[in-house]
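Summary of the model geometry
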2 protein chains.
Amino acid sequence: MNVEFINPFLSSLINVLATMAQTELTPGKPKVKKDEVAQGDVSGLIGMVGPQTKGSFSITFEENLALTIMERMLGERPDSINEDVTDMVGEITNMVTGGAKNLLGEKGYEFDMATPVVVSGPGHTITHKCDGPKLIMPFTSPDGNANIEVSFDKLA
Amino acid sequence: MNVEFINPFLSSLINVLATMAQTELTPGKPKVKKDEVAQGDVSGLIGMVGPQTKGSFSITFEENLALTIMERMLGERPDSINEDVTDMVGEITNMVTGGAKNLLGEKGYEFDMATPVVVSGPGHTITHKCDGPKLIMPFTSPDGNANIEVSFDKLA
């Protein structure tokens, strides 16, 4: 895997948030993750399995950003990360991964998606346990930060 | 999916912990999860994709239990949940799911596993976002509690 494999997830995320929540995130520099740890308050995770590879994707939001996205989608701001917010994060995880799956499929990389899992808890960290490299992409916004992380085993 | 589908994960977990760490967990009563939320300090999650179904599995440990398992495996107790502990939780997640995959395969339910992801953070909660029912199984032990959760879409 090289850094280019994060681009389909990046463009899919930007597209999903602009469409669903009129929210613009500013992408930082993608990095091959070594000791860096993605930290946030609510995360969506999903597994991916294909004939050539398997892997995992995660997206992590700071609480304020997640609540702001929710507010823009529903017109009402929850007080905290409740079930509506975790549902939304699960849905974003599905949509971003689905968009990236289409883009990667056009390049000949096929995979199927598992169902998403959402984690909530202040300042939790996510570690993808995969033999292959892990790519992390930070995003900033006036409402808080997010990051995505993609990890694939044995992708050419 | 019915409650029986959690049994392969249950027996696989008990087997893995007894073999790797001489640790005996006492299973509680499996429940179809509604509002109940699994809470813990370190969790392993993995996606599953098969021709008939897709889903997710998670295992969540209280910190003291995770550190005790680590101590029994390595002879040394880490001060906190470090990378060695998250590696171990990822490995347990793989082994438990692999064992359950074999048992479910014998019953004609096939799936492939994605790569595991490990979450750490005090008192985080996990929510499986799946159309199907979610089964949760609590475990107790003198060293702390754990629970596993399994969720499958569209399993007969």
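Everything below is about the structure shown above.
Residues numbered from 1 in each chain as written. Chains lettered and ligands numbered in written order. Predicted model: local features only at pLDDT ≥ 70, side-chain atom pairs only at ≥ 80, totals over all residues. Heavy atoms only, no water.

Glancing now at helix H1 (residues 7-21) of chain B. Here H1 of chain B contains 15 residues, and its C-alpha end-to-end distance of 21 Å stays within 8% of the 21 Å for a straight helix at 1.5 Å per residue. Of the residues making up H1 of chain B, those classed as buried are Pro-8, Phe-9, Leu-10, Ser-12, Leu-13, Val-16, Leu-17 and Ala-21 of chain B. (Helix = DSSP H or I, 4+ residues; strand = E, 2+ residues; numbered from the N terminus. Expected span 1.5 Å × (residues − 1). Buried < 20%, exposed > 50% of the residue type's maximum accessible area, 1.4 Å probe, protein only.)

With 29 residues of chain A in contact, the opposing surface of chain B contributes 29 residues. Summing both sides of the interface, chain A and chain B together bury roughly 2200 Å²; the carbon and sulfur share of this comes to 57%. Salt-bridge contacts for Lys-129 of chain A lead to Asp-87 of chain B; the nearest nitrogen and oxygen are separated by 2.6 Å. Where chain A meets chain B, there are 11 residue pairs in polar contact (both at pLDDT 80 or more). Residue assignment for the side of chain A that touches chain B shows that the elements contributing at least two residues are strand S3 (38-49), strand S4 (54-61), helix H3 (83-106), strand S5 (112-113) and strand S6 (117-128) of chain A. Counting residues per element, the side of chain A that touches chain B draws most heavily on S6 of chain A, which supplies 10 residues. Its residues assigned to classes, the side of chain A that touches chain B shows 11 nonpolar, 12 polar and six charged. Across eight bridges, S6 of chain A lies against strand S6 (residues 117-128) of chain B in antiparallel orientation. The partner of Ser-120 of chain A across the bridge, within S6 of chain B, is Thr-125 of chain B. (Contact = heavy atoms within 4.5 Å. Buried area = accessible area lost by both parts, 1.4 Å probe. Salt bridge = Lys/Arg side-chain N within 4 Å of Asp/Glu carboxyl O. Polar contact = N/O pair within 3.5 Å; in protein donor to acceptor, adjacent residues only side chain to side chain. Nonpolar A, V, L, I, M, F, W, Y, C, P; charged D, E, K, R; others polar. Pairing = 2+ DSSP bridges.)

What follows covers unusual backbone geometry. Residues and elements named next belong to chain A. One non-glycine residue with positive phi stands out, namely Gln-22, at about 45 degrees. Position of Gln-22 among the secondary structure elements: in the loop between helix H1 (7-21) and strand S1 (26-27). Since its relative accessible area comes to 54%, Gln-22 is described here as exposed.

Take the environment of Asp-84 of chain B next. Residues and elements named next belong to chain B. Locating Asp-84 in the fold gives a position in helix H3 (residues 83-106). Residue Asp-84 is classed as partly exposed on the basis of its relative accessible area of 45%. Between the alpha carbons of Asp-84 and Thr-19 there is a distance of 19 Å; along the sequence they are 65 residues apart.

A word on the packing of helix H2 (residues 63-74) of chain A against H3 of chain A. All names here are of chain A. H3 packs onto H2 with a crossing angle of 90 degrees between their chain directions and a minimal axis gap of 10 Å. As the angle between them shows, H2 and H3 are arranged roughly perpendicular. Counting all contacts with H2, which are made through Ala-66, Leu-67, Ile-69, Met-70 and Met-73, the residues of H3 involved are Asp-84, Val-85, Met-88 and Ile-92. Among the residues making up the contact of H2 with H3, the classes are represented as eight nonpolar, no polar and one charged. (Axes fitted to C-alpha atoms, helices over the stretch in contact; angles between N-to-C directions. Parallel < 35°, antiparallel > 145°, perpendicular 65-115°, else oblique.)

The subject of this paragraph is empty space enclosed by the protein. It is a probe the size of a water molecule, rolled over the atoms, that shows where empty space is left. All chains considered together, the criterion is met by one cavity of 30 Å³ or more. For the largest cavity, the calculated volume is near 80 Å³. As for the largest cavity, its lining consists of Leu-45, Ile-46, Gly-47, Ser-56, Thr-115 and Val-117 of chain A together with Leu-45, Ile-46, Gly-47, Ser-56, Thr-115 and Val-117 of chain B. Counting only elements with at least two residues in the lining of the largest cavity, the list comes to S3 of chain A together with strand S3 (38-49) of chain B. A per-class count over the lining of the largest cavity returns six nonpolar, six polar and no charged. (1 Å grid on protein atoms, 1.4 Å probe; cavity = no way out; pocket = protein on both sides within 12 Å on 5 of 7 lines; lining within 4 Å. Points joined across faces, edges and corners; volume = space filled by probe spheres on them.)

Further remarks concern the pattern of salt bridges. Should their charged atoms come close, side chains of opposite charge can pair. With the rule as written, the count across this model stands at eight salt bridges over all chains. When the shortest N-O distance is used, the salt bridge between Lys-101 of chain A and Asp-112 of chain A registers 3.6 Å. A residue pair is termed long-range when its members are at least 10 positions apart, and Lys-101 of chain A in helix H3 and Asp-112 of chain A in strand S5 qualify at 11 residues. Among the residues examined, Lys-101 of chain A registers a relative accessible area of 25% and is labelled partly exposed. Note that Asp-143 of chain B is salt-bridged to Arg-72 of chain B, the shortest N-O span being 3.0 Å. Of the two residues, Asp-143 of chain B is situated in the loop between strand S7 (134-140) and strand S8 (146-153) and Arg-72 of chain B in helix H2 (residues 63-74); the sequence distance between them amounts to 71 residues. Exposure remark for Arg-72 of chain B: the relative accessible area of 34% places this residue in the partly exposed category.

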